[in-house]
Amino acid sequence: MPKLGRGKIVSRSELAEIFGVSAPTVDDWVARGCPFHKKGSKGIPWEFKTSEVYLWLKEVNAEVVDSAANCNEQQLKLRKLAAETIAAELQLAKAKSLVAPIDEMMTFVTKDYLDLKARLRIIPDRLAIRLIGLDNETDIKVLVLKEIDQALRSLSDAEEWSFAGDE
């Protein structure tokens, strides 16, 4: 965990990055009472003070530990059985190739994102000469949309992903 000191004011996405979670997780935290510096609204981003969020998370985690410590033997057995069931279901999902490691997925998504970005950035070069002299807005839109569709099609035409566990 990075040293937070007095904390700093960050956006929702920055907070997610700092704590190594997704933006929807931050939304869940807010719904569960996570403190915020400034409430967001349409067009206005949420702001969070990292030190306050850190202390809140520390408190929430302490409550989870306390609740486990106050469980009786039967409750602990049920929790253990539930955890083992979840682990078994995850193993089955892995065996059926229904899930993949996040780092491998990120590698594929990043590659596809960079490929799409490159394809979109060359659209002006590909269209510049073809657009000269066109004055019909509809014709211009058709050409631009065809180029965008072609770039997007590159994602759907990609070969299926395969992971280290697939043999």
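Residues numbered from 1 in each chain as written. Predicted model: local features only at pLDDT ≥ 70, side-chain atom pairs only at ≥ 80, totals over all residues. Heavy atoms only, no water.

So, the overall build of the chain
Secondary structure assignment for the chain yields seven helices and two strands. Within the chain, contacts between residues at least 6 apart in sequence are counted, and of these 52% link residues at least 24 apart. Summed over its atoms, the accessible surface of the chain is roughly 12,900 Å², and 57% of this surface lies on carbon and sulfur atoms. (Helix = DSSP H or I, 4+ residues; strand = E, 2+ residues; numbered from the N terminus. Contact = heavy atoms within 4.5 Å. Areas by Shrake-Rupley, 256 points an atom, 1.4 Å probe, with all protein chains shown as cover.)

Notes on the packing of aromatic side chains
With the rule as written, the count across this model stands at four aromatic pairs. Ring geometry for F36 and W46: centres 4.9 Å apart, planes at 85°, overall edge-to-face. Remark: W46 occurs in the loop between α2 (23-31) and β2 (47-49) and F36 occurs in the loop between α2 and β2; sequence separation between them is 10 residues. For F36, a relative accessible area of 36% translates into the label partly exposed. (Phe/Tyr/Trp six-rings, centres within 6.5 Å; stacked < 30°, edge-to-face > 60°. Buried < 20%, exposed > 50% of the residue type's maximum accessible area, 1.4 Å probe, protein only.)

A word on the packing of helix α5 (residues 102-121) against helix α7 (residues 137-156)
In contact at an axis separation of 9 Å, α5 and α7 are set at 160° when each is read in the N-to-C sense. In this view, α5 runs roughly antiparallel relative to α7, as classed from their interaxial angle. Between α5 and α7 lies a crossing whose hand is right-handed. Contacts from D112, D115, L116, R119 and L120 of α5 reach α7 at A151, L152, S154 and L155. (Axes fitted to C-alpha atoms, helices over the stretch in contact; angles between N-to-C directions. Parallel < 35°, antiparallel > 145°, perpendicular 65-115°, else oblique. Left-handed = near helix turned anticlockwise from the far one by under 90°.)

Let's talk about the nonpolar core
One finds V10, L15, A16, F19, V26, W29, C34, F48, V53, W56, L57 and V60 forming the largest nonpolar core, which totals 12 residues. Elements represented by at least two residues in this core include exactly α1 (12-19), α2 and α3 (50-69). Looking at this core element by element, the count peaks at four residues for α3. Among all residues touching L15, those that are not within four sequence positions of it are V10, V26, W29, F48, T50 and V53. (Core = buried A, V, L, I, M, F, W, Y, C linked by side-chain atoms within 4.5 Å.)

A look at the pattern of salt bridges
Enumeration according to the criterion identifies nine salt bridges in this entry. The closest approach of N and O atoms between R32 and D28, which form a salt bridge, is 3.1 Å. Judged by its relative accessible area of 47%, R32 is partly exposed. Take D28: its relative accessible area is 37%, and that puts it in the partly exposed class. (Salt bridge = Lys/Arg side-chain N within 4 Å of Asp/Glu carboxyl O.)

Things to note about a nonpolar patch on the surface
A surface patch of nonpolar side chains, amounting to about 280 Å² of accessible area, comprises L90, L98 and V99. One can find L90 in helix α4 (residues 73-95). (Patch = residues over 30% accessible without salt bridge, like charges linked within 9 Å, V, L, I, M, F, W, Y side chains within 5 Å.)

Things to note about α1
L15, A16 and F19 are the residues of α1 that are buried. Angular distribution of buried residues about the axis of α1 spans 100°; they occupy a single face of the element. Positive backbone phi, at 70°, marks G20, one or two positions downstream of α1. (Arc of directions from axis to C-beta.)

Some details on the side chain of E147
Within the element layout of this structure, E147 appears in helix α7. Residue class for E147 comes out buried when judged on its relative accessible area of 6%. In this structure E147 touches I123, R126, L127 and R130, once residues within four positions along its chain are discounted.

Considering the confidence of the model for the chain
Across the chain, the average pLDDT comes to 83, with 87% of residues at 70 or higher. Mean pLDDT in the chain bottoms out at α3, which sits at 81, and peaks at β2, which reaches 94. When the criterion is pLDDT under 50, residues 163-167 qualifies, and its contacts beyond four places in sequence or with other chains add up to seven contacts. (pLDDT = per-residue confidence, 0-100.)

What about the environment of S13?
Mapped onto the fold, S13 is located in helix α1. In terms of polar contacts, S13 uses its side chain to reach the side chain of S11, at 3.3 Å. (Polar contact = N/O pair within 3.5 Å; in protein donor to acceptor, adjacent residues only side chain to side chain.)

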